[in-house]
Structures are given as C-alpha cells and as structure tokens.
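# Geometric and topological summary
Residue-level listing of the chains:
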Amino acid sequence: MGYIGDKYGRKQMLLLASIIMISCTFLIGLLPDFHTIGLLAPVLLITSRILEGVGISVEFTGVTTYQVERSSDKKNILGSLVKCTTFIGVFYLLLLFL
C-alpha cells in the first residue's frame, strides 16, 4: 500500500484502506453459518478477518504519515497523537475487562 500512497497520494490510500475494512466487515455480517455452507464458513471468516486486519494496519500507519506530511507546525505531536490515542483506547478496554 505504500506504493499506492506514493504514486496516487496518501488520501487515496486511506480511502482504499477504509473501503477494504468496510467491505470485509460487511461480508462478515453476511456470512452464513457452518450448517449452511460447511467448512467454507470458517475459511471465509478467517480470510475476511485477515483482510480487515491488513486494512486497519494500513490505515494506522497511513493516518500517521498523512498527518505529519500535512501539518506545518508540531509534527511530532500530531504524529504521536494517533499512536497515543490508540494505546489509551486499549488501556480503557483493559480496564473494562478487569
């Protein structure tokens, strides 16, 4: 995806990553169960989850790069903002399950 970001722009790459995540999430919601299509159901679920994870990882790094490239001041703060807010969210999720 870095090639797409370099050639067509970071905004297009982020749009493609969002489309990948949205379509995979939509397909997971439409998947039939094991009793309907057999072993194809878990294979399709795992494939959709892997593609969804790829989209999330591309968007995570792409947003950080896009913010740093587009900002004029305080690039360090804006670049770390994405990662800090992600870890804060994970921390609150951990507190929720303890």
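Report on the accompanying structure.

Here is what the cut-offs are and how they apply
- Residues numbered from 1 in each chain as written.
- Predicted model: local features only at pLDDT ≥ 70, side-chain atom pairs only at ≥ 80, totals over all residues.
- Heavy atoms only, no water.
- Axes fitted to C-alpha atoms, helices over the stretch in contact; angles between N-to-C directions.
- Helix = DSSP H or I, 4+ residues; strand = E, 2+ residues; numbered from the N terminus.
- Parallel < 35°, antiparallel > 145°, perpendicular 65-115°, else oblique.
- Left-handed = near helix turned anticlockwise from the far one by under 90°.
- Contact = heavy atoms within 4.5 Å.
- Nonpolar A, V, L, I, M, F, W, Y, C, P; charged D, E, K, R; others polar.
- Expected span 1.5 Å × (residues − 1).
- Bend = angle between axes of the 7 residues up to and from the residue.
- Patch = residues over 30% accessible without salt bridge, like charges linked within 9 Å, V, L, I, M, F, W, Y side chains within 5 Å.
- Areas by Shrake-Rupley, 256 points an atom, 1.4 Å probe, with all protein chains shown as cover.
- Salt bridge = Lys/Arg side-chain N within 4 Å of Asp/Glu carboxyl O.
- Buried < 20%, exposed > 50% of the residue type's maximum accessible area, 1.4 Å probe, protein only.

How two helices pack is summed up by the angle between their axes together with the distance between the axes. Put simply, helix H4 (residues 40-70) and helix H5 (residues 75-97) touch, their axes get as near as 8 Å, and they point 160° apart. Relative to H5, the element H4 lies roughly antiparallel. In this structure, H4 crosses over H5, and the sense of that crossing is right-handed. Taken together, the residues of H5 that come into contact with H4 (itself represented by Phe60, Val63, Thr64, Gln67 and Val68) are Lys75, Leu78, Gly79, Val82, Lys83 and Thr86. Tallied by class, residues from the contact of H4 with H5 come to five nonpolar, four polar and two charged.

Its 23 residues give H5 an end-to-end C-alpha distance of 34 Å, which sits within 8% of 33 Å, the value for a rise of 1.5 Å per residue. The sharpest bend along H5 comes to roughly 35°, located at Leu81.

Let's shift gears to a nonpolar patch on the surface. Residues Ile88, Phe91, Tyr92, Leu94, Leu95 and Leu98 make up a contiguous nonpolar surface patch of about 680 Å² in total accessible area. Looking at the secondary structure, you find Leu98 in the segment after H5. Judged by relative accessible area, which is 76%, Leu98 ranks as exposed.

For the rest of this paragraph, the subject is the pattern of salt bridges. Two side chains carrying opposite charge are able to pair once their charged atoms lie near each other. This model, assessed by the stated rule, comprises two salt bridges. Between Asp6 and Arg10 there is a salt bridge, with its nearest N and O atoms 3.2 Å apart. Residue class for Asp6 comes out exposed when judged on its relative accessible area of 59%. We classify Arg10 as buried; its relative accessible area is 18%. Here Arg49 makes a salt bridge to Glu52, at a shortest N to O gap of 2.9 Å. Of the two residues, Arg49 and Glu52 are both situated in helix H4; the distance of three residues between them amounts to about one turn of the helix. Of the residues examined, Glu52 reaches a relative accessible area of 10% and is grouped as buried.

Structurally, the α-helix is built with 3.6 residues per turn, so residues lying three or four positions apart point the same way. Across its 31 residues, H4 extends 44 Å between first and last C-alpha, which sits within 8% of the 45 Å expected from 1.5 Å per residue. Next to the buried residues of H4 lie helix H2 (10-30), helix H3 (34-37) and H5.

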